[in-house]
Amino acid sequence: MIRTRFAPSPTGYLHVGGLRTALYNYLYAKKHEGQFLLRIEDTDRKRFVEGAKEHLIEMLEWIGLDYDEGPNKEGPHAPYVQSERNDLYKKYAEELLEKKHAYRCFCTADRLSEMREHQEKSKKAPMYDRHCLYLSDEETQKNLDAKTPFVIRQKIPSSETVKYKDLIRGIISFAAKTLDDQVLIKSDGFPTYHLANVVDDHLMEISHVIRGEEWLPSTPKHILLYKAFGWTPPEFAHIPLLLNKDRTKLSKRQGDVSVEEYIKKGYGKEAIINFIAFLGWHPGGSEENEIFTLEELVKHFSLEKVHKAGAIFDIEKLDWINWQWNRRKYHTILKDKAHYLDPNVIIENPKKGEFVYKFNDPENTEKFFKERTDILLEMCDEYLDEKYKKNPEKIRKALVTIEEKILRDPKSTQEYLKFYFDDIDYDNELLTHEKMKVDYKTARKSLNEIYETFQNFDSFNDMDAIKNILMKIVAKLELKNGQVFWPLRAALTGEKFSPGVFEVAWVLGKDDFLKRTKQALDRLENTKQ
Ligand code: GLU
């Protein structure tokens, strides 16, 4: 049975690297119909943070990484919080003392720092000099009787070479003589990470330890501990470091590292998981799709496909994945609701990446409009100014024209539709366009004709009618489409880029349409050319 675990030290927030470790452990276990455990490694009491454990559990729940055993759940190896397992570690440390794989060290902090200074000066690697390894039984007893504080150290068999096969990195070997005699039990009686981690992985029957590359130097120490106890070590897999774009180690200084920050920024959990999974892993082969649900990730995941090289944490990629997820969700809801659409309705136009809706009955247009805008409204509701919402018909129409932008970045909705609602201002030059051959004269001519013609036009709810009448103006003036549409679009939006002119006219309605066309004409009055 494959059993993996996520063993975080609760720091108060969930690091994106931590989430990736949890995810890979989850995926590996689930892929092999095994079990995934959560164990809280809180032996470092100096770093205790109130509520951190609860917060971690909440985050894993929210993101959907359900664990089979762990705190708040029954399980054969409870408790799953190391600070509640203290007596156990003491017992195992005693066992190592008896087997002479560990020894008590009574060195004072002063002596140790003196030793280190000395080593530094003589350019030697900082290592415990084994002063207490050579204490006689009587000396040790004397210290114990005098209640001299002590730690328990691992006695590293320095002549050995530790060799193991990492499932990602291949054969790894370490000369034991480079390893320090680790502290296993601190003077406060609490175990260090090394002892507690090994004892628990063994007792909890962990078959695969999947963890960050930063733990690689600890692995030979752990393997020696397994050996000292006479236990079989688990398999190890060390996943690559997370890097900033400039290839330095991912740090708070260059961006957010806590999952909470990304949630606050509005990224969805499917997108976060999807993005995190691809940090150091790719399904490979001919697989081009990069949008996966958690279940799909379970199906595709394998440790062989995890890369050795550091993984770049690229926010633009996260934005892109989030966009793809928003589209997927949006179109799934729509398809689900709009049964009256053609069965193949929402077809993605692969070239443009756009979606096309096919109706079998035009009567359904209105119903569909309502359903579509309900979802869009919900997506960007919290980012919309209240005053815009007071005009429900206009806001719904406006949302339809910027649908793809909302799916991409709902937070910017307000920015994208400002021009529909607020007064606009622009440089007069915007009304012209050199390439499209729109000079001030042409702009004036087009806008004049439009202004006159639309006085008697009342079908602003019908986009096709708007289009027809504008095409007629193009023909009448013997101009090119752009020579009429560009100045009108610029006059109506005041923006260089915006939705198309028919859509904009449809949203604005007659009053605003005429008002803005007139404003542009007045501006042109005052321009000489
Ligand atoms: N408690 C360690 C951490 O905070 C666990 C490392 C391991 O997985 O062995 O990451």
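In this numbering scheme, every chain counts its residues from 1 along its sequence in written order. Local features in this predicted model are restricted to residues of pLDDT 70 or higher, and side-chain atom pairs are both shown and tallied only at a pLDDT of 80 or more, whereas totals for entire chains, interfaces and linings draw on every residue. Side-chain calculation: all heavy atoms of the structure are included, whereas hydrogens and water are not.

**Q** Just checking my understanding: could you explain the packing of aromatic side chains for this structure?
**A** Each pair of aromatic rings is reported with the distance of its centres and the angle of its planes. The rule is short: rings of Phe, Tyr and Trp, with Trp giving its six-membered ring, pair when the centres are within 6.5 Å, and they are stacked under 30 degrees, edge-to-face over 60, tilted in between. Throughout the structure, instances matching the rule amount to 25 aromatic pairs. Between Tyr-226 and Trp-231 the ring centres are 6.5 Å apart and the planes differ by 65°, which places this aromatic pair in the edge-to-face class. The class for Trp-231 is buried, based on a relative accessible area of 15%. Ring centres of Phe-454 and Phe-460 lie 5.8 Å apart, and the angle between their planes is 50°; on these two criteria the pair is classed as tilted. Think of it in three bands: residues with accessible area under 20% of the maximum for their type are buried, residues over 50% are exposed, and the middle band is partly exposed, with areas taken using a 1.4 Å probe on protein chains only.

**Q** Would you take a moment to explain the sheet that holds strand β4 (residues 151-154) for this structure?
**A** Strands pair in a sheet through their backbones, by hydrogen bonds, and they do so in one of two ways: parallel or antiparallel. Pairing between strands requires that DSSP locate at least two bridges from one strand to the other. Labels follow the DSSP assignment, with helices taken as runs of H or I lasting at least four residues and strands as runs of E lasting at least two, numbered in each case from the N terminus. Sheet architecture is open: three strands sit in the order β3-β4-β7, paired in antiparallel fashion. If you trace the sheet from one side to the other, it starts and ends with β3 (102-105) and β7 (183-185), each paired once. Geometrically, the sheet is characterised by an average inter-axis angle of 45° between neighbouring strands, direction not taken into account. Contact criterion: two residues are considered in contact whenever any of their non-hydrogen atoms come within 4.5 Å of each other. Helix axes are fitted to C-alpha atoms over the stretch in contact, other axes to C-alpha atoms as well, and angles between N-to-C directions run from 0 to 180 degrees. Helix α3 (residues 86-98) rests against β3, β4 and β7 of the sheet, and its axis sits at about 105° to β3.

**Q** Can you help me understand the nonpolar core in this one?
**A** Side chains of a nonpolar character, in soluble globular proteins, are inclined to be buried together. What makes a nonpolar core is a set of buried Ala, Val, Leu, Ile, Met, Phe, Trp, Tyr and Cys residues whose side-chain atoms join them at distances within 4.5 Å. In this structure, Leu-417, Ile-450, Phe-454, Leu-470 and Phe-513 are the most contacted members of the largest nonpolar core, which totals 61 residues. Sorting elements by how many residues they give to this core places helix α20 (residues 501-525) first, with 12 residues. In terms of nonpolar packing, the next biggest core, distinct from the first, is built from 55 residues, Tyr-24, Val-81, Leu-250 and Phe-301 among them.

**Q** Sorry if this is basic, but what is going on with unusual backbone geometry here?
**A** Residues other than glycine predominantly adopt negative phi, and peptide bonds predominantly adopt the trans conformation. Of note, the bond from Ala-78 into Pro-79 is cis; its omega dihedral lies within 30 degrees of zero at -5°. Here Lys-123, not a glycine, exhibits a phi torsion of approximately 55°, which is positive. Unlike most non-glycine residues, Lys-437 shows phi in positive territory, near 60°. Summarising the element assignment, Lys-437 is placed in the loop between α16 (413-421) and α17 (440-454).

**Q** Where do I start with the site of the ligand in this structure?
**A** Near is defined per residue: the residue qualifies when any heavy atom it owns lies within 4 Å of the molecule or strand. In the vicinity of the ligand, the contacting residues are Arg-5, Ala-7, Ser-9, Glu-41, Tyr-193, Asn-197, Arg-211 and Trp-215. In protein, a polar contact means a hydrogen-donor-capable atom and an acceptor-capable atom, both N or O and within 3.5 Å, with residues adjacent in sequence counting only if both atoms are side-chain atoms; elsewhere, any N or O pair within 3.5 Å suffices. One of the side-chain nitrogen or oxygen atoms of Arg-5 is found 2.5 Å away from an oxygen atom of the ligand. With respect to the ligand, the side chain of Glu-41 contributes an N or O atom lying 2.6 Å from a nitrogen atom. Note that accessible areas follow from Shrake-Rupley with a 1.4 Å probe, and for residues the cover is restricted to the protein chains shown. The protein chains hide 84% of the 290 Å² of surface that the ligand would expose on its own. Each residue is assigned to one of three groups, with Ala, Val, Leu, Ile, Met, Phe, Trp, Tyr, Cys and Pro labelled nonpolar, Asp, Glu, Lys and Arg labelled charged, and all others, Gly among them, labelled polar. Considered class by class, the residues forming the shell around the ligand number three nonpolar, two polar and three charged.

**Q** Quick question: what am I supposed to make of the packing of α3 against helix α7 (residues 219-229) here?
**A** A pair of packed helices can be characterised by two numbers: the angle between their axes and the separation between those axes. Viewed as axis vectors pointing N to C, α3 and α7 meet at an angle of 75°, and their least axial separation amounts to 10 Å. Classed by the angle they form, the pair α3 and α7 counts as roughly perpendicular. On α7, the residues touching Tyr-92, Glu-95 and Leu-96 of α3 are Leu-225, Ala-228 and Phe-229. Residues belonging to the contact of α3 with α7 are distributed by class as follows: five nonpolar, no polar and one charged. Comment on the angle field: the value is read as roughly parallel under 35 degrees, roughly antiparallel over 145, roughly perpendicular from 65 to 115, and oblique elsewhere.

**Q** What is the right way to look at the pattern of salt bridges in this model?
**A** Pairing of side chains with opposite charge becomes possible as their charged atoms draw close. Here a salt bridge means any side-chain nitrogen of Lys or Arg lying within 4 Å of a carboxyl oxygen belonging to Asp or Glu. Here the structure, examined in full by the defined rule, presents 36 salt bridges. Across the salt bridge formed by Lys-245 and Asp-314, the nearest N and O atoms sit 3.7 Å from each other. One end of the pair, Lys-245, is in the loop between β10 (242-243) and α8 (259-264); the other, Asp-314, is in the loop between β11 (311-312) and α11 (315-337), with 69 residues separating them in the sequence. Residue Asp-314 is classed as partly exposed on the basis of its relative accessible area, which comes to 23%. In this structure, Lys-510 engages Asp-458 in a salt bridge whose closest nitrogen and oxygen atoms are separated by 3.0 Å. Placement of Lys-510 in helix α20 and of Asp-458 in the loop between α17 and α18 (463-477) is noted, with a sequence separation of 52 residues between them. For Lys-510, a relative accessible area of 22% puts it in the partly exposed group. Residue classification places Asp-458 among the exposed residues on the basis of a relative accessible area of 60%. One connected set of salt bridges, linked through shared partners, spans Arg-5, Arg-39, Glu-41, Arg-85, Asp-200 and Asp-201.

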